[in-house]
Amino acid sequence: FALKSQGDNPLMAILQSSPWCTACKVPGYLSMMVDLGEASESGLAPMRNLAELHFAWLQWAVGSEMNEPLLRFIEDLAWAMHLKGVAFDTIGPHHQEPAFWSCPLRLAGYAPKGAFRFWQRSLQDWLVAHWLCHHVTEDNHKA
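What you see is a predicted model, and the numbers here were worked out from it, not measured in a lab. (Residues numbered from 1 in each chain as written. Predicted model: local features only at pLDDT ≥ 70, side-chain atom pairs only at ≥ 80, totals over all residues. Heavy atoms only, no water.)

Sorry if this is basic, but what is going on with the packing of aromatic side chains here?
When we look at a pair of aromatic rings, we describe it by the centre distance and by the angle of the planes. Tallying each qualifying case throughout the model produces seven aromatic pairs. With a centroid separation of 6.1 Å and an interplanar angle of 50°, the aromatic rings of F55 and W126 are classed as tilted. Of the two residues, F55 is situated in helix α4 (residues 50-62) and W126 in helix α6 (residues 121-142); the sequence distance between them amounts to 71 residues. Take W126: its relative accessible area is 11%, and that puts it in the buried class. Note on F100 and W101: the rings are 5.0 Å apart at their centroids and 85° apart in plane angle, and the pair reads as edge-to-face. The buried category is assigned to F100, whose relative accessible area is 1%. (Phe/Tyr/Trp six-rings, centres within 6.5 Å; stacked < 30°, edge-to-face > 60°. Helix = DSSP H or I, 4+ residues; strand = E, 2+ residues; numbered from the N terminus. Buried < 20%, exposed > 50% of the residue type's maximum accessible area, 1.4 Å probe, protein only.)

So this is what it looks like as structure tokens:
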């Protein structure tokens, strides 16, 4: 797999540089990078690792609605799915929560019996890790 040069395209120059060239071999990461690169020519330049890529993409996907309570809701959703050991879940009572509809999810139906999953499994995994870091840090401050 090799990225073809697109002349003076700044996005391609960033994607071909390390470490992004290796990450581009994963279709989901490539899609996230293209989304961010199209939104801003310098969108990828300041990011140093995949954790920053996931956070930047989440902010891009949610847009102006992104805030701390919504991030915590999305993390809690990912954590609950992790505890169940699932990548897909039923919408169930979430359909009544406005925050649910702001999440970057793929939906199969909009009714409570419908199903959902995160846009990409790596996003769910990153959110679980973010949830753990947040709660471990919070617990350490309480001790």
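I keep staring at the side chain of S102 and nothing clicks. Help me out?
Residue placement: S102 occurs in the loop between β1 (88-90) and β2 (105-108). Look at S102 and you get buried, because its relative accessible area is 17%. Ignoring any residue separated from it by four or fewer positions in sequence, one finds S102 in contact with V62, E65 and L70. (Contact = heavy atoms within 4.5 Å.)

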